[in-house]
Amino acid sequence: MNIFRKITLTKFINSIKYKCSYLNKNGFCFSMPKTIYLTINSVCNLKCKMCDFGQKTDSQFYSNMNKKAQLSLEDIKQICYKVKSFDPKISIISTEPTLHPQIVDIIREIKCSGLSCSITTNGFLLKNFAKLFLDNKLDEIWISLDGPPKIHNLQRGVANSYENAVSGIRELIDLKNKNQLNYPKININYTITPENYNQIKLFLDGLDFISEIEHISFSHINYITEDMANTHNKRYSNICIATPTCIKGIDLNEINVDELLENINFARKYKKISFTPELFTKEKISGYYFTAKFISKKKCLIPWVAMQIQSNGDCIVMTRCFDMVLGNILKQNLNEIWNGQKYKHFRKELNKVGGAFPACSRCCGVL
């Protein structure tokens, strides 16, 4: 069999397995997670208005990140040993990874295990780590920037957070060019909120290094209102409890739909840019921010393709998902968790309701 046909057949078989795993009535998943998300600590140095962790808001999102623990280097070694056989992508996200005292050693261990590694950071300390990240061949980095300097600093709650992040990005770019390296890929996250929805044009105009950026992702804020949580809990509290999330420090009613659409249309002229979700009409924007209706697919595939490991080793669906522990990677084998009773039960219940609960309508899993 020639290599092309072999690859094609392999892709076909994997797609069938994937579909079967999703439709399995018992919640069993044939394939192991393609991505492992790691929350390596329980601290952050910013006070973001749209983040329950930054606002110290009592919610499922805050609870999932605030485990008052951190993964040690030995924990990381154990995790890598348990997952490397199925070659997942390791993505360090959620709290601020550069505050972990062993962040460089953690990246080194992941890479030495033969796994790809990416991190998401607010960039405040990025300049201090730029050379170390390159030296240890970090594959990809996502830096959060939420507008021009004044707006970004206001939304992130700490002075000079924009300036520090941009300084770190420039250092990464200079080192990559100087050493003729193509890693790490440098990406930017921009979270659209009432603070910055009308600042997208000014933000892009101010990025004189945009040609060096791999991708810019504009994400409409993920949230759960009190009404959304109440609707969910009246019907499904026996399965999982929902709480208002990422809504305390903002007022969605401050968003002017016309201004937001104007800024979105300006940004769409650029290459390397995406919007999640794609809201390209006034009706879709209004529907997203001022109703609770699902605006795209109503099926979350995250429990079939990814897993999040918290700073104490607990395994959950994702930090934005329900506060529901499905196992602990430091005490169990991965397959024992992935196809254990708790995971299978959650997948089964998710399938029963059509693929998503009422509280899921503004979560990245269905967007």
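Refer to the structure printed above.
Residues numbered from 1 in each chain as written. Predicted model: local features only at pLDDT ≥ 70, side-chain atom pairs only at ≥ 80, totals over all residues. Heavy atoms only, no water.

Undergrad: How should the nonpolar core be read in this particular structure?
TA: Among soluble globular proteins, nonpolar side chains are generally buried collectively. Counting 112 residues, the largest nonpolar core has L38, I110, F218, F322 and F357 as the members making the most contacts within it. Counting residues per element, this core draws most heavily on helix α8 (residues 161-178), which supplies seven residues. Among residues more than four places away in sequence, those in contact with I110 are L38, I76, C80, I90, I92, L115, S116 and C117. (Core = buried A, V, L, I, M, F, W, Y, C linked by side-chain atoms within 4.5 Å. Buried < 20%, exposed > 50% of the residue type's maximum accessible area, 1.4 Å probe, protein only. Helix = DSSP H or I, 4+ residues; strand = E, 2+ residues; numbered from the N terminus. Contact = heavy atoms within 4.5 Å.)

Undergrad: What exactly am I supposed to notice about helix α7 (residues 149-156) here?
TA: For an α-helix the count is 3.6 residues per turn, leaving residues at separations of three or four pointing the same way. Along α7, the residues that are buried comprise I151, H152, N153, Q155 and R156. Looking at the buried side of α7, the elements it contacts are β4 (140-144), α8 and β5 (185-192). G157 sits one or two positions beyond α7 and adopts a positive phi of about 80°.

Undergrad: I would appreciate a short explanation of the packing of aromatic side chains in the present structure.
TA: Geometrically, a pair of aromatic rings is defined through the distance of the ring centres and the angle of the planes. Taken as a whole, this structure holds 16 aromatic pairs when the rule is applied. Seen in terms of ring centroids, Y223 and Y288 are 6.0 Å apart; in terms of plane orientation they differ by 90°. Their pairing is edge-to-face. You can see Y223 sitting in the loop between β6 (215-220) and α10 (226-236) and its partner Y288 sitting in helix α12 (residues 282-290), a full 65 residues away along the chain. Considering the side-chain rings of F322 and F346, the 6.5 Å spacing of their centres and the 70° angle between planes classify their relative orientation as edge-to-face. In this pair, F322 sits in the loop between β9 (314-316) and β10 (327-328) while F346 sits in helix α15 (residues 341-352), placing the two residues 24 residues apart along the sequence. Across this residue pair, the class does not change: F322 and F346 are buried. Through a chain of ring-to-ring contacts, three or more aromatic side chains come together here, namely Y190, F203, F218, F275 and F280. In this structure, R268 packs its charged tip against the face of F280, placed 3.7 Å from the ring centre. Stacked on the ring of W338, the Lys or Arg R347 has its end atom at 4.5 Å from the ring centre. (Phe/Tyr/Trp six-rings, centres within 6.5 Å; stacked < 30°, edge-to-face > 60°. Lys NZ or Arg CZ within 6 Å of the ring centre and 35° of its normal.)

Undergrad: Could you clarify how one ought to interpret the packing of helix α6 (residues 126-135) against α8 in this entry?
TA: Two measures define how a pair of helices packs: the angle their axes make with one another and the distance between the axes. Contact geometry for α6 and α8: axes closest at 8 Å, N-to-C directions at 25°. Between α6 and α8, the crossing angle belongs to the class labelled roughly parallel. In this structure, α6 crosses over α8, and the sense of that crossing is right-handed. Of the residues in α8, those in contact with L126, K127, A130, K131 and L134 of α6 are A165, S167, G168, I169, E171, L172, L175 and K176. (Axes fitted to C-alpha atoms, helices over the stretch in contact; angles between N-to-C directions. Parallel < 35°, antiparallel > 145°, perpendicular 65-115°, else oblique. Left-handed = near helix turned anticlockwise from the far one by under 90°.)

Undergrad: I'm lost on the pattern of salt bridges in this one. Help?
TA: Between side chains of opposite charge, a pair can form as their charged atoms come close. Following the criterion strictly, the structure yields eleven salt bridges and no others. Across the salt bridge formed by K111 and D139, the nearest N and O atoms sit 2.8 Å from each other. Linking K111 in helix α5 (residues 103-112) with D139 in the loop between α6 and β4, this pair joins segments that are 28 residues apart in sequence. The partly exposed category is assigned to K111, whose relative accessible area is 24%. For D139, a relative accessible area of 26% corresponds to the partly exposed category. (Salt bridge = Lys/Arg side-chain N within 4 Å of Asp/Glu carboxyl O.)

Undergrad: Can you walk me through the side chain of Q199 in this structure?
TA: For Q199, the position within the fold is in the loop between β5 and α9 (200-205). Its relative accessible area of 15% is what places Q199 among the buried residues. When near neighbours in sequence (up to four residues on either side) are disregarded, Q199 contacts P148, I151, Y190 and N263.

Undergrad: How should I be thinking about the pairing of strand β7 (residues 273-276) in this particular structure?
TA: The side chains of a regular strand alternate, first on one face of the sheet and then on the other. Residues of β7 alternate between two faces, with I273 and F275 buried on one and S274 and T276 left unburied on the opposite face. In the sheet, β6 pairs with β7 via four bridges, with the strands oriented parallel. In the strand pairing of β7, S219 is matched with T276. (Pairing = 2+ DSSP bridges.)

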